[in-house]
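# Descriptive structure summary
Each chain, letter by letter, is given below.
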Amino acid sequence: MRRLLAEEGEAAMTDGRATLELGDHVCASYATDRERRDGFTVVARAGVRDGHKVLCFVEASSGMPAALGGWLAGAVPAAGPGQVRVQAVGDGAAAGGRVDYLGMIDGLAEEINRAMREGYPGIRLVGDMAWTLRGDVDTEALVDYEAAANELFGDGRAVGLCQYDLRRFDGATLRAVAAAHPGMVTGRGDGPLLRFAFAPRGITLVGEVDASNRRAFSAIVSRLSTLPAPATLDATDLRFIDAAGAAAIVAVAAVRAGRQTVVRCPRGVAQMLRLVGAAQVPDLVVERSDV
Amino acid sequence: MVELALPHPSGSNLVLACAFDLHSIAAVRHAILSRASGVGLGEPHLSDFILAVNEVTSNAVRHGGGKGRLRLWQTVVNLVCEVVDDGAVPASSTADLAASDPGASDPGPRGPAADARAPAEAVPLDGAVPPGLDAGLVVEGGSPDVDSDARVAARSERMSGHHRPPPAAEGGRGLWLARRLCDTVTITATAAGTRVVLAFSAHLRHP
């Protein structure tokens, strides 16, 4: 398949983790400790290449923090003082052994602000998601966390790469968690399926929306519900959207009753919006970007 | 997405055969875009066809255990896409679909031109199904007549796509949409999983 896809110009054999841009929130999976370490290494090198701060999150109890710090010191020698940091997470779990997801989001927001104050143009956050494990995986809480985390990336100051251990998260959990990210990347492949950016009056979307990023997309467009009228969803460069994604747009436009929502999009997206009932929402305006 | 090697079927032109999961349904879309345009399917039909196929592959990965297989082939009058998931039929599948079929008389968003296409009963399998892949699956509903609908009455209404689903019903909406965009949609539920065949008439180059 690889050869055939290459013939069709569809396969870019780059490392998807190295090509991440500010604003990307993606997940990756790993099956070996070596693959996990590679993820940290690739992100750290890309961050130092771009002058970004790099923050690596690892499970506190694993012995990983010291080992990874030592490894990265050798693997990314060009890093400036304090530019690449390893931070242990998991010990701060709230009483009752519950994972403190809200605290983590607040903490990440503060780390992004801190990096800006320190003068970095961006920060790359890369985590081993084993910190979320406390006995049984609470998939729903984890998916809610990942979906909510998208808001941290809409202003284009940070990159987020969440690494999931295939040995510790089951397939159904990983599929649900992956769909809460705009994209998934591997060591050999393209960047994320969807990129998004928040603007004061709307959201810009680039890429594709399907079942693989459905939950993330719902979380991203839900931001429209809080914006004043008129709000614009600039989907000029949205190449594909499925019925569920289009329905999420229609649903949020309906919630904005009385406040106009403008969706600027090419034919295929407009067609799908029409099919899921966009015309039934009076304050939703679909403008074709390709005519 | 992993492309599957299959013998060249007689009587039809196999355009694509592949296995997919949640993260390769995008690659499947891209491959269909390239292959279907390669056999002469143009816009706006190509986009509509991809919208429909994607809803079916999405259902397969969301309800069918996360994986599926797809074959795309060309007959004299149709582009036909078969999606087989590896999921079992939901236990609640008891809706009787023989009562009515509003979708059958609906020309769909492509307008009156759909009326001029090949009659539905001539379309779905047409003696041109490539061999292989689906060994073990029992084809129960080769054509959407009342008898075969009655035979597959055990399949769930969610999967049928005949009725416009309520706004919250994601899976049902996908198949409803596929029916709007394609000439025929044949759904066969078996213990081994669900098989959905979409037939889409178009002005193709003959194989």
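Now for a look at the structure at hand. (Residues numbered from 1 in each chain as written. Chains lettered and ligands numbered in written order. Predicted model: local features only at pLDDT ≥ 70, side-chain atom pairs only at ≥ 80, totals over all residues. Heavy atoms only, no water.)

## With respect to the nonpolar core
All names here are of chain B. Note the following rule: Within this scheme, the nonpolar core is defined by two criteria: the residues are buried Ala, Val, Leu, Ile, Met, Phe, Trp, Tyr or Cys, and they are joined through side-chain atoms within 4.5 Å. Burial here depends on accessible area, computed with a 1.4 Å probe over protein chains only, as a share of the maximum for the residue type. Under 20% is buried, over 50% is exposed, and the range in between is partly exposed. Strands are runs of DSSP state E lasting at least 2 residues, helices are runs of H or I lasting at least 4, and numbering of each runs from the N terminus. Two residues form a contact once any of their heavy atoms are found within 4.5 Å.
By size, the foremost hydrophobic cluster in this structure holds 108 residues, and its most contacted members are I32, L70 and L198. The element best represented in this core is helix α2 (residues 45-63), accounting for 9 residues. Once you skip the residues sitting within four places of it in the chain, I32 turns out to touch L16, S37, L46, F49, I50, V53, L70 and L72.

## Here we look at empty space enclosed by the protein
Residues and elements named next belong to chain A. Defined as follows: Using protein atoms alone on a 1 Å grid, points that fit a 1.4 Å probe yet trap it form a cavity, whereas open point sets bounded by protein on both sides within 12 Å along at least five of seven lines form a pocket; residues with an atom within 4 Å of a point count as lining. Grid points are joined across faces, edges and corners, and a volume is the space filled by probe spheres set on the points. Any residue that is not Ala, Val, Leu, Ile, Met, Phe, Trp, Tyr, Cys, Pro, Asp, Glu, Lys or Arg is counted as polar, Gly included; the first ten are nonpolar and the last four charged.
What the rule picks out here adds up to 3 cavities of 30 Å³ or more. Lining the largest cavity are 16 residues, and of these L108, L125, M129, Y145 and C162 lie nearest its centre. Elements with a minimum of two residues in the lining of the largest cavity: α4 (101-117), β4 (123-128), α5 (139-149) and β5 (158-165). Of the residues belonging to the lining of the largest cavity, the class tally is 12 nonpolar, 3 polar and 1 charged.

## Focus: the sheet that holds β5 of chain A
Residues and elements named next belong to chain A. To keep things clear, this is the line we draw: Any two strands between which DSSP finds at least two bridges are classified as paired.
Sheet architecture is open: 6 strands sit in the order β3-β2-β4-β5-β1-β6, paired in parallel fashion. What marks the edges here is a single partner per strand, and that holds for β3 (84-89) and β6 (183-184). Looking at chain direction, β4 and β5 are connected through 6 bridges and run parallel. Note on β5: the bridge partner recorded for R124 is V159.

## Overview of the pairing of strand β8 (residues 202-209) of chain A
In the case of a regular strand, side chains alternate between the two sheet surfaces. All names here are of chain A. Under the convention used in this document: By convention a crossover is right-handed if, when the strands point away from the viewer, the path from the first strand over the helix to the second runs clockwise.
For β8, the tally of buried residues reaches 6 of 8 residues, placing the bulk of the element in the interior. Across 7 bridges, β8 lies against strand β9 (residues 231-241) in parallel orientation. The residue of β9 that forms the bridge with V209 is I241. On the question of chirality, the crossover connecting β8 to the parallel β9 by way of helix α7 (residues 214-221) is right-handed.

## Things to note about the packing of α5 of chain A against helix α6 (residues 171-178) of chain A
All names here are of chain A. Keep this limit in mind: Axis lines are fitted through C-alpha atoms, for helices just across the contact stretch, and the angle between N-to-C directions can take any value from 0 to 180 degrees. Roughly parallel means an angle under 35 degrees; roughly antiparallel means over 145; roughly perpendicular covers 65 to 115; every other angle is labelled oblique. Left-handed describes a crossing whose near helix is turned anticlockwise from the far helix by less than a right angle; the clockwise case is right-handed.
Contact pair α5 / α6: the axes reach a minimum separation of 9 Å and the direction vectors enclose 25°. What the angle tells us is that α5 and α6 run roughly parallel. Crossing angle aside, the handedness with which α5 passes α6 is right-handed. Along the contact surface, α5 presents T139, L142, V143 and E146, while α6 presents T173, A176 and V177. In terms of residue class, the contact of α5 with α6 is built from 4 nonpolar, 2 polar and 1 charged.

## Thoughts on the sheet that holds strand β5 (residues 184-190) of chain B
Residue and element names in this part refer to chain B. Reading across the sheet, the 6 strands line up as β1-β2-β3-β4-β6-β5 and stay open at both edges, with antiparallel pairing between neighbours. A strand with exactly one partner marks an edge of an open sheet, and here the two such strands are β1 (2-3) and β5. As paired strands, β1 and strand β2 (residues 13-21) are joined by 2 bridges and run antiparallel to one another. Opposite V2, over in β2, you have A19 as the bridge partner. Across the sheet, helix α1 (residues 25-38) is in contact with β1, β2, β3 (67-74) and β4 (78-85); its angle to β2 comes to roughly 170°.

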